[in-house]
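# Notes for the structure review
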Amino acid sequence: ALGIREGHARLTLLLSEAATIWADVVVAADRGDFWLIADGRSEAELQARLRGARLPGDDVSCLSAGAEYALLAIDGPRAPAFLEANGFAGLSGMASHTLAWLDDDVRCIRVSRTGEFGYWLLVPRAAAAGMWDRLTLAAPRLSRDDQAHAALEAGVFNIHVDALAALTPLELHLQWRVSRDRHRVNGMAALVARVAAPDRRRIVGLRGAHLRGAIELDGAHVG
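None of the values given here were measured: they were computed from a predicted structure.

A few words now on the side chain of Arg113. If you trace the backbone, Arg113 turns up in the loop between strand S6 (107-109) and strand S7 (118-124). A relative accessible area of 16% means that Arg113 is categorised as buried. Dropping the residues within four chain positions of it, Arg113 is found in contact with Asp24, Val25, Val26, Ile37, Asp39, Asp75, Trp120, Ala151 and Val156.

Moving on, we get to the environment of Ala151. Here Ala151 lies in helix H4 (residues 144-154). Separated by 37 residues in the primary sequence, Ala151 and Thr114 place their C-alpha atoms 4.2 Å from one another. Beyond its immediate stretch of four places on either side in the chain, Ala151 contacts Arg113, Thr114, Val156 and Asn158.

It is worth spelling out the sheet that holds S6 at this point. Strands belonging to one sheet form pairs held by backbone hydrogen bonds; the direction of such a pair is parallel or antiparallel. One open sheet holds the four strands; their spatial order is S4-S7-S6-S5, and the pairing between them is antiparallel. With partners counted over all chains shown, the strands left at the sheet margins are strand S4 (69-75) and strand S5 (99-101), one partner each. If you compare each strand with its neighbour and ignore which way they point, the axes differ by 20° on average. Bridge analysis of S4 against S7 gives seven bridges, and the strand direction is antiparallel. Looking at S7, one finds that Tyr69 is bridged to Pro124. Helix H3 (residues 125-138) rests against S4 and S7 of the sheet, and its axis sits at about 140° to S7.

Rules used in this analysis
Residues numbered from 1 in each chain as written. Predicted model: local features only at pLDDT ≥ 70, side-chain atom pairs only at ≥ 80, totals over all residues. Heavy atoms only, no water. Helix = DSSP H or I, 4+ residues; strand = E, 2+ residues; numbered from the N terminus. Buried < 20%, exposed > 50% of the residue type's maximum accessible area, 1.4 Å probe, protein only. Contact = heavy atoms within 4.5 Å. Pairing = 2+ DSSP bridges. Axes fitted to C-alpha atoms, helices over the stretch in contact; angles between N-to-C directions.

These values are about where atoms sit, not about what they do.
This is how it looks when you write it as structure tokens:
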């Protein structure tokens with residue numbers, strides 16, 4: 001069981017066997033079904049991963065929504081006012097990590113990959129192009145470099161940064177996105193072993209007017 005209440009969304013991760021980040025994932029509960037939106041992998045890779053994770057007796061099917069729906073992301077501190085001014089009334093009151101139904105089979109997930117505020121619109125393909133053209137006439141479209149810069153400034157994990165590819169949720173401070181009690185999850189054994197390693201170290205930066213010379217902790221020289 002995913003343990004996500006109806007109309008709520010959760011940030012999580014799919015891990016490699018070595019516990020590095022395989023995909024950056026948002027899961028949202030929608031009227032008995034779940035939307036799984038993954039960044040960092042192709043649709044074919046994600047489908048193969050999900051099918052391989054099913055156990056005998058699991059009553060679940062994985063359907064691709066890419067052919068029927070497009071995802072339009074509206075991000076930035078002025079996003080709520082922008083959407084209100086462009087025909088999406090009521091979104092400014094949405095709580096973070098929730099899902100709401102709008103008109104014409106459009107859903108909105110309140111989540112962002114660039115920090116607050118962010119709204120993801122899941123729009124039927126037939127209406128997506130016209131809606132996107134209308135919205136981008138009123139606000140600039142960000143390049144991937146712009147998005148990466150915004151994520152960096154907001155301290156948000158960005159799976160497309162090559163330097164992070166060898167790191168695990170432990171080093172990236174993303175353990176809150178995974179549940180270590182789910183032992184059969186891919187990569188969890190490697191993550192648990194890394195947490196328990198006796199030679200773990202943490203680098204901490206300190207700055208202050210009274211820091212001079214050696215730094216000691218409980219009588220031991222630590223910096």
